[in-house]
Amino acid sequence: MAQEDVFRKLVSHCKEYGFVFQSSEIYDGLAAVYDYGQMGVELKNNIKKYWWDSMVLLHENVVGIDSAIFMHPTIWKASGHVDAFNDPLIDNKDSKKRYRADVLIEDFLAKIDDKVDKEVEKAAKRFGDKFDEAMYRETNPRVLENIEKRNEIHERFSKALNDNNLVELRQIIVDCEIACPVSGTREWTDVRQFNLMFSTEMGSTSDGALKVYLRPETAQGIFVNYSNVQKTGRMRIPFGIAQIGKAFRNEIVARQFIFRMREFEQMELQFFVRPGEELEWFEKWKKIRMKWHQALGFGADNYRFHDHEKLAHYANAATDIEYKMPFGFKEVEGIHSRTDFDLKQHEKFSGKRLQYFDPELNKSYIPYVVETSIGIDRMFLSVIAASYHEETLDKGEIRVVMKLPPALAPVKAAILPLIRKDGLSDKAREIMDKLKFNFACQYDEKDSIGKRYRRQDAIGTPYCVTIDHQTLEDNTVTIRERDSMEQKRVSLDLLEQEISEKTKMEYLLKQLI
Ligand code: ATP
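Residues numbered from 1 in each chain as written. Predicted model: local features only at pLDDT ≥ 70, side-chain atom pairs only at ≥ 80, totals over all residues. Heavy atoms only, no water.

A. How the structure looks around the sheet that holds strand 6 (residues 192-195). Strand order in the open sheet formed by three strands is 5-4-6, with antiparallel pairing between adjacent strands. Looking at the sheet topology across the chains shown, the edges are occupied by strand 5 (98-100) and strand 6. With direction set aside, neighbouring strand axes in the sheet form an average angle of 45°. Across three bridges, strand 4 (residues 86-91) lies against strand 5 in antiparallel orientation. (Pairing = 2+ DSSP bridges. Helix = DSSP H or I, 4+ residues; strand = E, 2+ residues; numbered from the N terminus. Axes fitted to C-alpha atoms, helices over the stretch in contact; angles between N-to-C directions.)

Encoded structure:
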């Protein structure tokens with residue numbers, strides 16, 4: 001199936017089964033804003049729990065907070081967001097479509113990489129076992145030519161970003177003959193900077209309203225509470241503060257469904273360390289976070305690190321964890337070594353001391369910070385993209401199944417009386433009433449059992465429990481496993497244990513240590 005088709009199917013599946021809806025749909029929608037439906041909210045909550053527990057339960061030196069979305073506006077001055085939270089924009093004069101200049105160039109570079117990879121893949125097939133990939137990359141003229149071209153553009157691009165050279169960014173687009181995907185023309189405007197923060201007013205205008213911002217990241221809520229948490233929690237460096245919450249960005253190019261939204265949610269950790277130890281911790285957190293992703297079982301090949309071309313003004317190292325979405329490898333999480341930039345700035349702007357007294361070193365300093373920042377919505381998208389499968393069964397029937405990691409599945413077990421008669425419904429209800437305290441269960445007695453199985457497959461329910469006439473005689477049920485579709489009879493005494501083994505969050509968390 002073509003990648004665009006896969007993506008289109010995912011979007012419609014999400015809507016059909018109550019995972020994600022367009023916001024304000026009956027009013028024709030609001031661009032780049034989405035609502036999570038009855039299944040989506042459960043999946044999202046489970047992703048959050050997996051992250052939160054992995055941070056706060058598994059690390060004794062990590063605690064959580066929940067700070068407000070509105071904050072004192074000077075915070076955004078101190079953090080640099082008022083002056084520098086910009087995207088470089090360019091418009092195509094014919095289609096009137098607006099793009100991020102850096103994204104146009106990055107996509108162009110990715111196309112060259114793809115070309116090289118395809119060339120290498122073809123050669124690998126041709127030469128079979130004897131193929132030496134490194135040698136081929138170093139000697140094949142076509143590959144070399146493309147790599148050289150890529151490196152040259154890449155170098156110009158990095159320099160232009162670092163120098164904030166908007167004229168050069170435009171020139172690269174012109175020189176690479178990048179065309180607008182909509183009009184197909186190369187009529188480009190100049191590149192301009194655009195601030196991504198939303199603002200509103202707090203208080204009544206007659207009192208002199210205060211211009212406040214909707215936070216574009218949750219991190220600053222952690223920094224400004226650093227001292228509160230350190231003191232009240234008697235935290236010793238190294239320690240971390242975790243937070244989950246909404247963030248808002250007035251994204252210019254809001255597309256690809258929930259990948260780039262104007263209102264989204266982040267899960268961030270700020271980990272405070274001794275100055276000079278930050279790069280060591282940066283490497284540690286890279287490993288921890290990659291393990292967290294890979295524990296979901298979607299295949300190690302589908303993840304990669306992507307080091308940043310341009311370091312943000314606050315960072316001395318930065319990388320992204322990318323996942324292979326249906327539209328290519330894309331950032332899901334950022335890991336940054338933020339130095340002491342933020343705390344230093346807040347000390348300066350607030351006039352409050354944010355130093356830490358290190359009893360082991362017997363001196364005070366402003367801690368350095370390593371940040372891990374993941375977007376829940378992008379994580380959600382990667383989870384459904386990896387889980388969505390269409391399988392052709394024996395009789396040619398297509399089965400749509402979401403092979404969600406059981407601990408993340410919105411419904412853990414479906415309780416299905418084979419028929420509505422003969423007391424089977426009552427027995428099924430009895431079982432449901434026991435299980436519902438520990439598992440998200442769904443009771444369903446409508447339609448044939450086959451149809452009911454399909455409905456559960458489509459929302460990713462790991463287990464279907466069927467109550468039949470034999471259940472009334474010997475207190476056993478059949479339990480059907482989603483991925484293998486295998487069924488076995490289990491005694492009611494053992495049912496909870498059977499469902500619990502893989503669906504409990506513990507199952508995932510244990511793979512992290
Ligand atoms: P991008 O380069 O894609 O705009 P970013 O580098 O600006 O992302 P960060 O500021 O590092 O993103 O934010 C951390 C995480 O927050 C990202 O890895 C992503 O998962 C998520 N995120 C950022 N912007 C959005 C958005 N507009 N919609 C959904 N998630 C987002």
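B. Summary view of unusual backbone geometry. A cis amide bond links Ile237 to the next residue, Pro238, at an omega of 5°. Secondary-structure assignment places Pro238 in the loop between helix 10 (226-232) and strand 9 (239-248). Unusually for a residue other than glycine, Arg234 sits at a positive phi of about 50°. Within the secondary structure, Arg234 is located in the loop between helix 10 and strand 9. Classification of Arg234 by relative accessible area gives exposed; the value is 71%. Of note in the backbone geometry, Thr339 takes a positive phi value of approximately 50° without being a glycine. Of the residues examined, Thr339 reaches a relative accessible area of 15% and is grouped as buried. (Buried < 20%, exposed > 50% of the residue type's maximum accessible area, 1.4 Å probe, protein only.)

C. Summary view of the pattern of salt bridges. According to the stated counting rule, one finds 45 salt bridges in the structure shown. We note a salt bridge from Asp483 to Arg482, for which the minimum N-O separation is 2.6 Å. According to the relative accessible area criterion, Arg482 is buried, its value standing at 2%. Several salt bridges converge on common partners, so that one network encompasses Glu391, Glu397, Arg399, Lys403, Arg454, Asp457 and Arg480. (Salt bridge = Lys/Arg side-chain N within 4 Å of Asp/Glu carboxyl O.)

D. Spatial organisation of a negative patch on the surface. Taken together, the side chains of Glu145, Glu148, Glu152 and Glu155 make up a negatively charged region of the molecular surface. Position of Glu145 among the secondary structure elements: in helix 7 (residues 141-162). What makes Glu145 exposed here is its relative accessible area of 59%. (Patch = residues over 30% accessible without salt bridge, like charges linked within 9 Å, V, L, I, M, F, W, Y side chains within 5 Å. Areas by Shrake-Rupley, 256 points an atom, 1.4 Å probe, with all protein chains shown as cover. Lys, Arg positive; Asp, Glu negative; His and termini not counted. Charge placed at Lys NZ, Arg CZ, Asp CG, Glu CD.)

E. Spatial organisation of the site of the ligand. Surveying the vicinity of the ligand reveals 16 residues, the closest of which are Glu251, Arg260, Met261, Glu331 and Val332. Measuring from a nitrogen atom of the ligand, one finds a backbone N or O atom of Phe259 at 3.5 Å. Contact between the ligand and Gly375: an oxygen atom at 2.9 Å from a main-chain N or O atom of the residue. Isolated, the ligand exposes 600 Å² of accessible area, and the fraction of that covered by the protein chains is 86%. Broken down by secondary-structure element, the contributors of at least two residues to the shell around the ligand are strand 10 (263-273), strand 13 (328-339) and strand 16 (368-375). Broken down by element, the shell around the ligand gets its largest block of residues, five residues, from strand 13. For the shell around the ligand, a count of residues per class yields four nonpolar, five polar and seven charged. (Near = heavy atom within 4 Å. Polar contact = N/O pair within 3.5 Å; in protein donor to acceptor, adjacent residues only side chain to side chain. Nonpolar A, V, L, I, M, F, W, Y, C, P; charged D, E, K, R; others polar.)

F. Focus on the sheet that holds strand 11 (residues 303-307). Strand order in this open sheet of seven strands is 3-9-10-16-13-12-11, and the pairing throughout is mixed. Where the open sheet ends on each side, the last strands, each with one partner, are strand 3 (62-65) and strand 11. Each adjacent strand pair in this sheet contributes to an overall mean axis angle of 25°, direction not counted. Strand direction decides the pairing type here: strand 9 and strand 10, joined by ten bridges, are antiparallel.

G. View of the packing of helix 7 against helix 8 (residues 166-175). Between helix 7 and helix 8, the least distance of the axes is 9 Å, while the angle of their chain directions is 160°. Comparing the axis directions of helix 7 and helix 8 gives the class roughly antiparallel. Where helix 7 crosses over helix 8, the handedness of that crossing is left-handed. When helix 7 is examined against helix 8, the residues Ile153, Arg156, Phe157, Ala160 and Leu161 are found in contact with a partner set consisting of Glu168, Leu169, Gln171, Ile172 and Asp175. (Parallel < 35°, antiparallel > 145°, perpendicular 65-115°, else oblique. Left-handed = near helix turned anticlockwise from the far one by under 90°. Contact = heavy atoms within 4.5 Å.)

H. Region of interest: a nonpolar patch on the surface. There is a patch of nonpolar side chains on the surface, built from Leu57, Leu58 and Ile513 and spanning about 330 Å² of accessible area. Relative to the helices and strands, Leu58 is located in the loop between helix 2 (38-57) and strand 3. Judged by relative accessible area, Leu58 falls into the partly exposed class, the value being 32%.

I. Inspection of helix 8 at higher detail. Listed as buried for helix 8 are Leu169, Ile172 and Ile173. Mapping the buried residues of helix 8 onto a view down its axis gives an arc of 100°, with all of them on the same face. Looking at the buried residues of helix 8, the elements they touch are strand 4, helix 5 (101-127) and helix 7. A side-chain oxygen of the first residue of helix 8 lies 3.3 Å from the backbone nitrogen of Val167; this N-cap is Asn165. In the segment just after helix 8, Glu177 is the residue with positive phi, at about 55°. (Arc of directions from axis to C-beta.)

J. Structural context of the pairing of strand 22 (residues 476-481). The buried count for strand 22 comes to five of six residues, which makes it a mostly enclosed element. Pairing of strand 21 (residues 463-467) with strand 22, which is carried by four bridges, proceeds in the antiparallel orientation. In the sheet register, Tyr463 faces strand 22, and the bridge partner there is Glu481. One ladder, built from five bridges, connects strand 22 with strand 23 (residues 487-491); its direction is antiparallel. Considered in strand 23, the bridge of Ile479 is made with Lys488.

K. Structural view of the packing of aromatic side chains. The tally for this structure, following the rule as stated, stands at 19 aromatic pairs. Between Phe271 and Trp281 the ring centres are 4.8 Å apart and the planes differ by 50°, which places this aromatic pair in the tilted class. One end of the pair, Phe271, is in strand 10; the other, Trp281, is in helix 11 (residues 278-294), and ten residues separate them in sequence. Taking relative accessible area as the criterion, Trp281 reaches 15% and is therefore assigned buried. These aromatic residues form a ring-pair network of at least three members: Phe7, Tyr34, Phe257, Phe259 and Phe327. Looking at Lys284, its charged tip hangs above the ring of Trp281, at a distance of 4.0 Å from the centre. (Phe/Tyr/Trp six-rings, centres within 6.5 Å; stacked < 30°, edge-to-face > 60°. Lys NZ or Arg CZ within 6 Å of the ring centre and 35° of its normal.)

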